Amino acid sequence: MSKTTVSTLQQYKQDGKKFATLTAYDASFAKLFSEAGVGVLLVGDSLGMVLQGHADTVPVSVDDMAYHVASVSRGAVDALVIADMPFMSYTTPIQTYETATKLMQAGANMVKLEGGEWLYESIKGLTERGVPVCGHLGLTPQSVHLFGGFKVQGRQQSQADKLLSDAKALEAAGAQLLVLECIPTELAATITQALSIPVIGIGAGSVTDGQILVMHDLIGLTPGKPPKFSKNFLTDGRDVRGAVAAYIDAVTDGSFPGPEHSFSS
Ligand code: KIV
Ligand code: NA
């Protein structure tokens, strides 16, 4: 397989080919996922929860991210590696460039930021300087305390309108990819159709161009009750490789996520 790039993903969108992506935090899983055909690996700040045991992603630092990005990039083979910019590491354009420098030099191919229109200048600046950007809208976990918990976003019309205009602003600023998290399927469909860049969903129904899962959810490692939008694919495969293959198949043929993993308006 050849290296997945933003052009590959753009082509998938044009061809209507659904694609499966995963989070990864170390070299071994990155290598296994990449060799199994997962073309995009996100070093998510979800590592604050699944690796570090925190209740949310707020405590994660840029150094934490850089350490895991370096590990993942060594194992990633052909996968595009996206690095999350952690909480409060992109409050101004200058700070954003400094954070992006560390993550790109650690081995990332793209950075991801949570937020809408207020990021316009930072995203424009990053792309002008050669750093590809992935947006993230909906339930943006770094804002969990503002939201009052991990709650579905965009159910009110005013919120939905704002999410659509934010998505358009991110694309206009130069973002080449967008993650939509925990929003009603109908709204995810509207946003996916309104944008020419590929959209990756989690808890956004099967209508987005791609899907992402936290790897710990894929293999049933998440303690407690798993999130509604996730699925343990280890029960479909015999081992981790089998689980990844089952996940790719289910995303590609549109059977995952099903209505039981999705939210209505
Ligand atoms: O940190 C993460 O794992 C994420 C995905 C859930 C999109 O941002
Ligand atoms: Na994240």
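Computed from a prediction, not measured in an experiment: that's the story for all the values here.

Cut-offs used in this document
- Residues numbered from 1 in each chain as written.
- Chains lettered and ligands numbered in written order.
- Predicted model: local features only at pLDDT ≥ 70, side-chain atom pairs only at ≥ 80, totals over all residues.
- Near = placed C-beta within 6 Å.
- Nonpolar A, V, L, I, M, F, W, Y, C, P; charged D, E, K, R; others polar.
- Buried ≥ 20, exposed ≤ 12 C-beta atoms within 10 Å, placed from the backbone.
- Helix = DSSP H or I, 4+ residues; strand = E, 2+ residues; numbered from the N terminus.
- Pairing = 2+ DSSP bridges.
- UniProt positions renumbered as here; feature names shortened; annotations may be inferred.
- Contact = placed C-beta atoms within 7 Å.

This part takes up the site of ligand 1. Close contacts around ligand 1 come from Thr 23, Leu 42, Gly 44, Asp 45, Ser 46, Asp 84, Val 179, Glu 181, Ile 202, Ile 212 and Val 214, and that covers them all. Classifying every residue of the shell around ligand 1 by side-chain character gives 5 nonpolar, 3 polar and 3 charged.

Let us now look at the pairing of strand E8 (residues 210–213). The side chains of a regular strand alternate between both faces of the sheet. Burial along E8 is two-sided: the residues Gly 210 and Ile 212 and Gln 211 and Leu 213 are all buried. Summarising the sheet, strand E1 (residues 19–23) and E8 pair through 4 bridges and their orientation is parallel. Bridging across to E8, Phe 19 finds its partner in Gly 210. Note that strand E7 (residues 199–202) and E8 share 2 bridges and pair parallel. Counterpart to Gly 201 in the pairing with E8 is Gln 211.

This chain's UniProt record puts "active site" (unreviewed entry) on Glu 181. For Glu 181, the location among the structural elements is in strand E6 (residues 177–181). Taking the number of C-beta atoms within 10 Å as the measure of exposure, Glu 181 has 22 and is therefore buried. Other than its neighbours up to four places away in sequence, Glu 181 contacts His 136, Gly 138, Leu 139, Thr 140, Ile 202, Gly 203 and Ala 204.

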